[in-house]
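Single-letter residue listing:
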Amino acid sequence: MRYRSLAVALFLLAGTSHAADTAGVHVTGGWLRVLPGTLPAGGYATFENTTDLALTIVGAESPDYAEAMIHRSSTEGGMGRMEMVDTVALPPKGKLTFAPGGYHVMLMQAKHPVKPGEKVTVTFKLSDGGTIPATLIARPANASGPTD
């Protein structure tokens, strides 16, 4: 009986080790472009995966907003467009940048007014069940980076 309990405990630990490896993902330079009124906000940051695992961002959520979606902006034939994406690869030992004109988190329906200088929490969800918490600093509508 004792060995069975030990075997079950080891099995459970082995099953969660993949998600625990996401501790090797760091987020820096997080910022949020706040638009007037009820317009959605765009969030940006740089993710660094220091692990040997290929990870995938599959979603996001924020206690400050009703909805958070991952989008990608692009330009084709001189026309700007934006589309929602289901996944974004975060390569092993690599970096991924969410920046204006590319990937970003679109935050919809603020639960309270968000003013420049305030901090907003966004938690990014990974395909392995892990999460990456990030703090984004709210910047004005004309900002082009985290220090504007």
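Quick look at the structure, then. Since we're looking at a predicted model, the values are computed, not measured.

Rules used in this analysis
Residues numbered from 1 in each chain as written. Predicted model: local features only at pLDDT ≥ 70, side-chain atom pairs only at ≥ 80, totals over all residues. Heavy atoms only, no water. Phe/Tyr/Trp six-rings, centres within 6.5 Å; stacked < 30°, edge-to-face > 60°. Helix = DSSP H or I, 4+ residues; strand = E, 2+ residues; numbered from the N terminus. Buried < 20%, exposed > 50% of the residue type's maximum accessible area, 1.4 Å probe, protein only. Salt bridge = Lys/Arg side-chain N within 4 Å of Asp/Glu carboxyl O.

**Considerations on the packing of aromatic side chains**
For the structure shown, the criterion picks out five aromatic pairs. Ring geometry for F47 and F124: centres 4.9 Å apart, planes at 90°, overall edge-to-face. Placement of the pair is F47 in strand β2 (residues 41-49) and F124 in strand β9 (residues 119-126), with a sequence separation of 77 residues. For the pair F47 and F124, a shared accessibility class is recorded, and that class is buried. Cluster of aromatic residues (ring-pair linked, three or more members): F47, F98, Y103 and F124.

**Points about the pattern of salt bridges**
Under the counting rule described, the total for this entry stands at five salt bridges. E61 is the partner of K125 in a salt bridge, and the nearest nitrogen-oxygen pair spans 3.5 Å. With K125 in strand β9 and E61 in strand β3 (residues 55-61), this residue pair connects regions lying 64 residues apart in the sequence. R81 serves as the salt-bridge partner of E76, at 4.0 Å between the closest nitrogen and oxygen. In the salt-bridge network here, residues are joined through shared partners; they are R72, E76, R81 and E83.

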